[in-house]
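Coordinate inspection notes
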Amino acid sequence: MLTSINPPPRCPRIALLLGAVGVTALLAAALPELTAAGEAVVAAAASPATVEIDNFAFAPAALTVTAGTTVTWKNDDDSPHRIGDKNGTFTSAALDTDDTFSHTFAAPGEYPYICTIHPYMAGKIIVKPAGKMSSN
Ligand SMILES: [Cu+2]
């Protein structure tokens, strides 16, 4: 009767094995929108397009979205960061920990940006014409 509440004894070992050798394959299987280059592709309205700022880096560093997508940056660092598009299209205020900044990309193109406080932090938003990536 009580056996049903006990997890199968092999589970922790399997999890450890996956953690050691299977993470890449597991991610590739679970997240087909992640390419081998580590770029993420987000279709409009499919899932929120979010760039996490962590350890003085943007993740993903290159994010591909369709036109009309709102991208949200979230600062997970203890240091403030400030998003600045290299072409001056969008600029955030200084983001403290857990602060977010959103920008809607209406026009296709490539939008390289940096943290204006730490200019070595670089990222890029790639905006594709709406409809080009829609699969359903
Ligand atoms: Cu910064």
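Criteria and cut-off values
Residues numbered from 1 in each chain as written. Predicted model: local features only at pLDDT ≥ 70, side-chain atom pairs only at ≥ 80, totals over all residues. Heavy atoms only, no water. Helix = DSSP H or I, 4+ residues; strand = E, 2+ residues; numbered from the N terminus. Donors = N, O, S within 2.8 Å, 3.2 Å for Na, K, Ca; no water. Buried < 20%, exposed > 50% of the residue type's maximum accessible area, 1.4 Å probe, protein only. Phe/Tyr/Trp six-rings, centres within 6.5 Å; stacked < 30°, edge-to-face > 60°. Salt bridge = Lys/Arg side-chain N within 4 Å of Asp/Glu carboxyl O.

**Thoughts on unusual backbone geometry**
- Residue P60 is reached from A59 by a cis peptide bond, and omega for that bond is -5°.
- Along the chain, P60 turns up in the loop between β3 (58-59) and β4 (62-66).
- Positive phi, normally seen in glycine, also occurs at N55, with a value near 55°.
- Along the chain, N55 falls in the loop between β2 (49-53) and β3.
- With a phi angle near 75°, D98 is a residue other than glycine that sits in the positive phi range.
- Along the chain, D98 falls in the loop between β6 (83-85) and β7 (100-105).

**With respect to the coordination of the copper ion**
- In this structure, H81 (ND1), C115 (SG) and H118 (ND1) serve as the protein donors to the copper ion, at separations of 1.9 to 2.1 Å.
- We note that the donor set of the copper ion lies within a single chain, spaced as H-x33-C-x2-H. Taken together, the positions of H81 in the loop between β5 (69-75) and β6 and H118 in the loop between β8 (109-115) and β9 (122-128) put the pair 37 residues apart, joining distant regions of the chain. Each member of the pair, H81 together with H118, is buried.

**Some remarks on the packing of aromatic side chains**
- According to the stated counting rule, one finds 9 aromatic pairs in the structure shown.
- Taken together, a centroid distance of 6.3 Å and an interplanar angle of 55° make the contact between W73 and F105 tilted. With W73 in strand β5 and F105 in strand β7, the pair connects residues that are 32 residues apart, well separated along the chain. The same class applies to W73 and to F105, which are both buried.
- Taken together, the ring pairs in this structure connect F58, W73, F90, F101, F105, Y111 and Y113 into an aromatic cluster.

**Quick look at the pattern of salt bridges**
- If you walk through the whole model with that rule in mind, you get 3 salt bridges.
- The closest approach of N and O atoms between E110 and K124, which form a salt bridge, is 3.3 Å. Taken together, the positions of E110 in strand β8 and K124 in strand β9 put the pair 14 residues apart, joining distant regions of the chain.
- One network of salt bridges, with partners in common, ties together K74, D76 and D98.

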